[in-house]
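Read off the chains here:
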Amino acid sequence: CPYRPSLLHIEELCDSIVRSHRDTSQFRLEELQALRWKLFSREEIHAYQSKSVDEMWQHCAVRLTEAVQYVVEFAKRIPGFRGLGQNDQITLLKTGSMEVVLVRMSRCFNTENSTVFFDGKFASTELFKSLGCGDLMVAVFDFAHSMCALRLTELQMALFSSLVLINTDRPCLEDRGRVHRMRKDLEGCLSHMLRRDNQESLQHKLYQKVSVLQSLCSLHVEKLHWFSQLYPLTVHSVFPPLYKELFT
Ligand SMILES: CNC(=O)[C@@H]1CCCN1C(=O)c1ccc(Cl)c(COc2cccc3c(C(F)(F)F)cc(C)nc23)c1Cl
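The rules behind these values
- Residues numbered from 1 in each chain as written.
- Predicted model: local features only at pLDDT ≥ 70, side-chain atom pairs only at ≥ 80, totals over all residues.
- Heavy atoms only, no water.
- Helix = DSSP H or I, 4+ residues; strand = E, 2+ residues; numbered from the N terminus.
- Buried < 20%, exposed > 50% of the residue type's maximum accessible area, 1.4 Å probe, protein only.
- Contact = heavy atoms within 4.5 Å.
- Polar contact = N/O pair within 3.5 Å; in protein donor to acceptor, adjacent residues only side chain to side chain.
- pLDDT = per-residue confidence, 0-100.
- Phe/Tyr/Trp six-rings, centres within 6.5 Å; stacked < 30°, edge-to-face > 60°.
- Lys NZ or Arg CZ within 6 Å of the ring centre and 35° of its normal.
- Axes fitted to C-alpha atoms, helices over the stretch in contact; angles between N-to-C directions.
- Parallel < 35°, antiparallel > 145°, perpendicular 65-115°, else oblique.
- Left-handed = near helix turned anticlockwise from the far one by under 90°.
- Nonpolar A, V, L, I, M, F, W, Y, C, P; charged D, E, K, R; others polar.
- Expected span 1.5 Å × (residues − 1).
- Bend = angle between axes of the 7 residues up to and from the residue.
- Salt bridge = Lys/Arg side-chain N within 4 Å of Asp/Glu carboxyl O.
- 1 Å grid on protein atoms, 1.4 Å probe; cavity = no way out; pocket = protein on both sides within 12 Å on 5 of 7 lines; lining within 4 Å.
- Points joined across faces, edges and corners; volume = space filled by probe spheres on them.
- Pairing = 2+ DSSP bridges.

Below, the discussion takes up the environment of Ser161. Mapping Ser161 onto the fold places it in helix 7 (residues 154-165). According to the relative accessible area criterion, Ser161 is buried, its value standing at 0%. The spacing of Ser161 and Glu66 is 95 residues in sequence and 17 Å in space, taken between C-alpha atoms. For Ser161, the contacting residues outside a window of four places in its chain are Phe74, Val100 and Val103. Polar contacts involving the side chain of Ser161 include one to the main-chain carbonyl oxygen of Met157, which spans 2.7 Å.

The structure is reproduced here in structure tokens:
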């Protein structure tokens, strides 16, 4: 019969993934809970809205790059990830890291006033006006909202994030078979845990989210490309090197 991980292996795999997620989640749920109603004042919002397009993009790029670095750390701790070739690790991160940043953003989202944690307080879309991409911000907020509606546990978020990264369909993977075997184990973990928590209905909802994520991320890459056309110097001089490596 096909290789089926033993129950012990599944439990161990889940433990290591949720621990890696917790250790690399950048913001602890308790911290976010405590800051939940810390909102920007009108003056502070006005200050952000008065920034130039490239100044605001730079500011966000620094934040996003920090977030991507935490996702890279999470990926490196997924059992088997470091066993992949360097090129395959980069390929999976190049395409998957922004998707995981988006999944994680939902942990920092307050659905009661549609605000997201940014620069130490909770901000609504209006604060990002000077970015010049209202549609992207609306899409980012809508996605965070829809992810919150699933009310994922940290384990479900951790397993979902690892499945977003360990994606056999990514273009130009060298050892697709190895990625496939990793993915099978992770899929086994997710379905085992959803059965255990009696939440099998979540399974197809999560797989639907994957396609939403991918379309959202292609919108991002488009926006990033639009921005780099407008402000080539900024992207090539200011954007952190990791960002350029991953997104340009
Ligand atoms: C809770 N906070 C967070 O999750 C993020 C990551 C960690 C820090 N952080 C923020 O500070 C943050 C929170 C919310 C928003 Cl809306 C933003 C601004 O987001 C973006 C502005 C510009 C481009 C963005 C692009 C683009 F297009 F470059 F791919 C793509 C994504 C996804 N977000 C962009 C940011 Cl940078």
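Still more ground to cover, so stick around.
Scored by pLDDT, the chain comes out at a mean of 91, with 93% of its residues at no less than 70. The spread of mean pLDDT over the elements of the chain runs between helix 11 (residues 241-247), the lowest at 63, and helix 3 (residues 42-49), the highest at 98. Both scores are given for the predicted complex: the pTM is 0.93, the ipTM 0.96.

The next point concerns the packing of aromatic side chains. Throughout the structure, instances matching the rule amount to 10 aromatic pairs. An aromatic cluster is built from Phe40, Tyr48, Phe109, Phe118, Phe128 and Phe141, whose rings are joined through pairwise contacts. Sitting over the face of the ring of Trp226, Lys223 holds its NZ or CZ atom 5.6 Å from the ring centroid.

Right, let's get into the packing of helix 5 (residues 86-105) against helix 7. Relative orientation of the contacting elements helix 5 and helix 7 amounts to 150 degrees, with a least axis distance of 8 Å. With respect to their mutual orientation, helix 5 and helix 7 come out roughly antiparallel. The handedness of the crossing between helix 5 and helix 7 is right-handed. Across from Leu92, Leu93, Gly96, Ser97, Glu99, Val100 and Val103 in helix 5, the residues of helix 7 making contact are Met157, Phe160, Ser161, Val164 and Leu165. Considering only residue class, the contact of helix 5 with helix 7 consists of 8 nonpolar, 3 polar and 1 charged.

The subject of this paragraph is unusual backbone geometry. With phi around 55 degrees, Asp119 is a residue other than glycine that occupies positive phi space. Residue position: Asp119 is located in the loop between strand 2 (115-118) and strand 3 (121-123). The class of Asp119 is partly exposed, set by a relative accessible area of 24%. Although it is not a glycine, Arg151 sits at a positive phi angle of roughly 50 degrees. Here Arg151 lies in the loop between helix 6 (134-149) and helix 7. Judged by relative accessible area, which is 69%, Arg151 ranks as exposed.

Let us now look at helix 5. Compared with the 28 Å implied by 1.5 Å per residue over 20 residues, the 27 Å span of helix 5 between its first and last C-alpha is a close match. Along its length, helix 5 reaches its greatest deviation from straightness, about 45 degrees, at Gly96. Among the 20 residues that make up helix 5, 14 are buried, leaving the element largely enclosed by the rest of the structure.

Applying the stated rule across the entire model yields 17 salt bridges. Between Arg28 and Glu30 there is a salt bridge, with the nearest N and O atoms lying 2.9 Å from each other. Here Asp197 and Arg196 are joined by a salt bridge, their closest N and O atoms 3.2 Å apart.

Let's shift gears to the layout of surface pockets. To find leftover empty space, a probe the size of one water molecule is rolled over the atoms. Looking at the largest pocket, its volume works out to about 700 Å³. If you trace the largest pocket, you find 34 residues lining it, with Cys60, Arg63, Leu64, Val101 and Met105 closest to the centre. Among the elements of the structure, helix 4 (53-76), helix 5, strand 2, helix 6, helix 9 (201-230) and helix 11 are those that each provide at least two residues to the lining of the largest pocket.

Attention shifts here to the sheet that holds strand 3. Adjacent strands of a sheet form backbone hydrogen bonds with each other and so pair up, either parallel or antiparallel. Taken in spatial order, the 3 strands line up as 1-2-3 in an open sheet, and their pairing is antiparallel. The two strands at the open ends of the sheet, each matched to only one other strand, are strand 1 (109-110) and strand 3. Where strand 1 lies against strand 2, 2 bridges are found, and the strand directions are antiparallel. What sits directly across from Phe109, in strand 2, is Val116.

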